[in-house]
Amino acid sequence: MDGAMVVRRLKHLGGFEGNREEFRPWSDLPVDVLNIIAERLDFIEQLYFRLVCKNWRQSQVVPLYKNLPWLMEHSWTYDDKNVNSVCSFHLLTDNRSHVTYNKLRREELNDLHGAVVCASRFGWLLLQKSTLSFFYNPYSKSIIKLPDLDIGFNRSTFSSVPTSPDCVCFAIQSSKNSSKMWLSTCQPGDRKWSSTVKFVGPKKAVEDVVYSNGTFYCVFSEGALGAFCVADSDWSLLTDVDLIPGEMFTSRAHMVESNGQLWLVCPSGSKCFKVFKFDWSEKTWDRTHALGCQALFLGCTSFSVSAEGETSGFAERIYYHRNTYSSYYSLETKQSYPCTFYPWVTKLEPERIWIQPPEI
């Protein structure tokens, strides 16, 4: 850490008291002083305050449930000269919020303004506008641009942290009006996406995409499940085409990966859900009425979190966004309830996304 603080001490010299100045590094600030400073910061600033040096990590911060996602709203604001990307975070532990503004440079404006969030993983967002795609970290405000994509895709996601060398982006385009399906991949730093590959598809709209252990899994209308192996660039359809007839036409279904297990959540009416668990041996979706000490958070990317110990109150619940509010569905009572710790009622414009907290 650069710089130093001046500490004045009284020193007895031959019966007389005098002042002596000492130069000590800022890293030596006492813990009680660090806590006073931390109390004046909001919860995201506290996290980065603790990153300054090893000693400052001793400061007390807002307690976090690290396995639970935060609620984030993303929108755009305008002034006379600039456009801002605005991210509002909401933390469930003590009903506190934090807002960040990222002013776009003129050269970024045309590319980034108006982009929508396609995926959210590891605290990063994958955004898309027409054929343009890029990663955005709302905590650090970092942007990683990707090459232009030559297909209009339905769903996309990515495998790992965008700054890691093994990160792979995946995009798929599939329609109920055609048996042709297009897939494409790329990595941050590539000059172009891999050659868009055409496969014979199930002639279904793709509902959701998840990544697990080297494979991107794609679920289609009525439950058909396909897999794209990254290492072999190989596509295979794992199930029959009409696996769950009539279940997924009214609203988007969500697929969730949890420790190698795949879950499928299908809306049933305006405030109810049906849950299926994939049977790897039979290659079928089995209806289930319990999540097994888990909570599911549905969104552009859906999350499964353990609900044991201090988070046991979240067990057997499915959290989701509907119109201007956020709610949860209880598999125990078969009813939906408004979220008390995510109380925002918003306009229709902002995107609401579940996002993982920053790694500290």
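You'll find the structure just up there.
Each chain has its residues counted from 1, following the order in which its sequence is written. The model is predicted, so local features are restricted to residues of pLDDT at least 70 and side-chain atom pairs to those at 80 or more, both for listing and for counting; the totals for chains, interfaces and linings are taken over all residues. Derived side-chain values reflect all non-hydrogen atoms in the structure, with water molecules and hydrogen atoms excluded from consideration.

(A) Summary view of the overall build of the protein. The number of helices and strands found in the protein is three helices and 27 strands. Two residues form a contact once any of their heavy atoms are found within 4.5 Å. Counted over contacts in the protein with a minimum sequence separation of 6, partners at least 24 positions apart contribute 45%. The Shrake-Rupley method, run with a 1.4 Å probe, gives the accessible areas here. Residue values count only the displayed protein chains as cover. Accessible surface, the protein: about 18,200 Å² in total, of which carbon and sulfur atoms supply 49%. Segments assigned H or I by DSSP are reported as helices when at least four residues long, segments assigned E as strands when at least two residues long, and all are numbered from the N terminus.

(B) Focus on the sheet that holds strand β13 (residues 197–200). A pair of strands is treated as paired once DSSP finds two or more bridges between them. A sheet is described by the order of its strands in space; here four strands give the open sequence β10-β11-β12-β13, paired in antiparallel fashion. The sheet is open, and its two borders are formed by β10 (155–158) and β13, each paired with just one other strand. Across the sheet, the axes of successive neighbouring strands diverge by a mean angle of 20°, strand direction being ignored. Direction of pairing for strand β12 (residues 180–186) relative to β13: antiparallel, over a ladder of four bridges. The residue of β13 that forms the bridge with W182 is K198. The convention used is that axes are lines fitted to C-alpha atoms, helices contributing only their stretch in contact, and that angles between N-to-C directions extend from 0 to 180 degrees.

(C) Representation of the pattern of salt bridges in the model. In what follows, salt bridge is the name for a side-chain nitrogen of Lys or Arg lying within 4 Å of a carboxyl oxygen of Asp or Glu. Applying the stated criterion across every chain yields a total of two salt bridges. When the shortest N-O distance is used, the salt bridge between K204 and E222 registers 3.7 Å. Here the residue K204 occupies a position in the loop between β13 and β14 (206–212), and E222 occupies one in the loop between β15 (215–220) and β16 (225–229), the gap between them amounting to 18 residues. Accessibility assignment for this pair places K204 and E222 in one class, buried. Note on exposure labels: buried denotes an accessible area under 20% of the residue type's maximum, exposed denotes more than 50%, and partly exposed covers the range between, all computed with a 1.4 Å probe on protein chains only.

(D) Main features of helix α1 (residues 31–39). The complete set of buried residues in α1 reads L34, N35 and A38. End-on view of α1: buried residues confined to an arc of 100°, all on one side of the axis. Note: the arc covers the axis-to-C-beta directions of the helix.

(E) Focus on the pairing of strand β9 (residues 142–145). The sheet contact formed by strand β8 (residues 132–137) and β9 spans four bridges and is antiparallel. Residue Y136 lies in a different strand from β9, and its bridge partner there is I143. Linkage of β8 to β9, two consecutive antiparallel strands, is achieved through a turn of four residues, within which K141 is found at a positive phi near 65°.

(F) Fine view of the side chain of E207. Assignment of secondary structure puts E207 in strand β14. Within this scheme the basic residues Lys and Arg register as positive and the acidic residues Asp and Glu register as negative, but His and the chain ends are omitted. Despite its burial, E207 pairs with no opposite charge, the nearest such side chain being R155 at 5.5 Å. In this structure the side chain of E207 is engaged in a polar contact, spanning 3.0 Å, whose partner is the side chain of S221. In protein, a polar contact requires one atom able to donate a hydrogen and another able to accept it; more generally it is a pair of N or O atoms within 3.5 Å, and residues adjacent in sequence count only if both atoms are side-chain atoms. Reaching out from E207, the side chain makes a polar contact with the backbone nitrogen of A253 at a distance of 2.9 Å.

(G) A look at the sheet that holds strand β17 (residues 234–237). Strand order across the open sheet formed by four strands is β14-β15-β16-β17, with antiparallel pairing between neighbours. The sheet is open, and its two edges are formed by β14 and β17, each paired on a single side. Pairwise comparison of adjacent strand axes, ignoring direction, gives a mean angle of 20° for this sheet. The pairing of β14 with β15 spans six bridges and is classified as antiparallel. Residue D208 lies in a different strand from β15, and its bridge partner there is V219.

(H) Region of the structure containing the environment of H321. Looking at the element boundaries, H321 is found in strand β24 (residues 317–322). Remark: the alpha-carbon pair of H321 and F297, spanning 24 residues in sequence, is separated by 9.3 Å. When residues no more than four places from it in sequence are discounted, the contact partners of H321 are L71, L298, S326, R352, I353 and W354. At a separation of 2.9 Å, a polar atom in the side chain of H321 contacts the side chain of S326.

(I) View of the pairing of strand β18 (residues 254–258). In terms of burial, β18 is largely enclosed, as four of its five residues are buried. Pairing of β18 with strand β19 (residues 261–267), which is carried by five bridges, proceeds in the antiparallel orientation. Within β19, the residue paired with V256 across the bridge is W263. The hairpin turn running from β18 into β19, its antiparallel successor, is two residues long, and N259 in that turn takes a positive phi close to 50°.

(J) Highlighting the side chain of D208. Residue position: D208 is located in strand β14. Under the relative-accessibility criterion, D208 is labelled buried at 3%. Those residues in contact with D208 that sit more than four places away from it in its chain are R155, Y217, C218, V219, R252, A253, H254, M255 and C300.

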